[in-house]
Amino acid sequence: QVQLVESGGGLVQPGGSLRLSCAASGFTFSRYSMKWYRQAPGKEREWIATITSAGGSTTYADSVKGRFTISRDNAKNTVYLQMNSLKPEDTAVYYCKVVPQGLPYWGQGTQVTVSS
């Protein structure tokens, strides 16, 4: 079965950096685009980044463009989110998502808290 497991979250000061990982299994990872989303308390889940199957193209939400970088290692079945210049408003639970054969799958999420 499809499994996505996020890791790498934590508490960081404003201006700091974190790298999130999402380890995938149960499907042919290299065939599918991967996405990162986040959900802050009291807000809807929002898309923040996408990477195509071979990693040749990436897109970002305006709120993270220039600060966050999505990447993937198809040999390790893992997608990453490098987050730099973090702000308090980046505080949220971060999720990865894949849609193999039309069905969406989500990980359990990893908490990122940006606070001094």
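Below, the structure is looked at part by part. These numbers were taken from a predicted model, which means no experiment stands behind them.

Parameters and conventions
- Within every chain, residues take consecutive numbers counted from 1 along the sequence as written.
- This being a predicted model, a pLDDT of at least 70 is required before a residue's local features are given, and a value of 80 or more before pairs of side-chain atoms are given or counted; all residues contribute to the totals for chains, interfaces and linings.
- Side-chain measures here rest on the full set of heavy atoms in the structure, leaving out hydrogens and waters.
- Each helix is a run of DSSP H or I of at least 4 residues and each strand a run of E of at least 2, with the numbering of both proceeding from the N terminus.
- To get the radius of gyration, use the C-alpha atoms; to get the globule rule, take the number of residues to the power 0.38 and multiply by 2.2 Å.
- To sort residues, take the accessible area from a 1.4 Å probe on protein chains only and compare it with the maximum for the residue type: under 20% means buried, over 50% means exposed, and anything in between is partly exposed.
- Contacts were defined at the residue level, with two residues in contact if any of their heavy atoms lie within 4.5 Å.
- Only the protein chains shown count as cover for residues, with accessible areas throughout obtained via the Shrake-Rupley method and a probe of 1.4 Å.
- Only four residue types enter the charge count, namely Lys and Arg as positive and Asp and Glu as negative; His and the chain termini do not.
- A single reference atom marks each charge: NZ on Lys, CZ on Arg, CG on Asp, CD on Glu.
- Paired strands, as defined in this entry, are two strands with at least two bridges between them according to DSSP.
- For every element, the axis is a line fit to its C-alpha atoms; helices are fit only across the contacting stretch, and the angle between N-to-C directions ranges from 0 to 180 degrees.
- Throughout, nonpolar core names a set of buried Ala, Val, Leu, Ile, Met, Phe, Trp, Tyr and Cys residues whose side chains join them through atoms within 4.5 Å.
- Sulfur atoms of two cysteines make up a disulfide when they are within 2.5 Å.

## Describing the overall build of the chain
Argument step 1. Summing up its helical and strand segments, the chain has 0 helices and 11 strands in all.
Argument step 2. What you see for the chain is a C-alpha radius of gyration of 13 Å, in line with the 13 Å of a compact globule of 116 residues.
Argument step 3. If one aligns the C-alpha atoms of the chain with their principal axes, the spans along those axes are about 40 × 25 × 20 Å.
Argument step 4. Burial analysis of the chain (116 residues in total) assigns 43% to the buried set.
Argument step 5. Restricting to contacts in the chain with at least 6 residues of sequence separation, those with at least 24 account for 51%.
Argument step 6. When the accessible surface of the chain is summed, it comes to about 6,000 Å², and 47% of that surface belongs to carbon and sulfur atoms.
Argument step 7. The averaged location of the 7 negative side-chain charges in the chain is 6 Å from the averaged location of its 12 positive side-chain charges.

## Here's the deal with the sheet that holds strand β1 (residues 3–7)
Argument step 1. Spatial strand order, β1-β3-β8-β7: 4 strands in an open sheet with antiparallel pairing. Two strands close off the open sheet at either side, each with one partner strand: β1 and β7 (68–73). Strand-to-strand twist across the sheet, computed as the mean angle between neighbouring axes with direction ignored, equals 15 degrees.
Argument step 2. The pairing of β1 with strand β3 (residues 18–25) spans 5 bridges and is antiparallel. Residue pairing for β3: Gln 3 is matched across the bridge by Ser 25.

## Quick word on the nonpolar core
Argument step 1. Phe 27, Met 34, Trp 36, Leu 81, Met 83 and Tyr 94 are the most contacted members of the largest nonpolar core, which totals 30 residues.
Argument step 2. Of all the secondary structure elements, the ones that give two or more residues to this core are β3, β4 (34–39), β5 (46–51), β7, β8 (78–83), β9 (92–98) and β11 (110–114).
Argument step 3. Leave out the neighbours within four places in its chain, and Phe 27 touches Val 2, Leu 4, Tyr 32, Met 34 and Val 98.

## A short note on the state of the cysteines
Argument step 1. A complete count under the given rule lists 1 disulfide for this structure.
Argument step 2. Linked covalently through their sulfurs, Cys 22 and Cys 96 form a disulfide whose S-S length is 2.0 Å. Taking the torsion about the sulfur-sulfur bond, which here is approximately 60 degrees, the covalent link between Cys 22 and Cys 96 counts as right-handed. Linking Cys 22 in strand β3 with Cys 96 in strand β9, this pair joins segments that are 74 residues apart in sequence. Across the pair, exposure class does not vary: Cys 22 and Cys 96 are buried alike.

Purely geometric stuff here, so don't read any function into it on its own.
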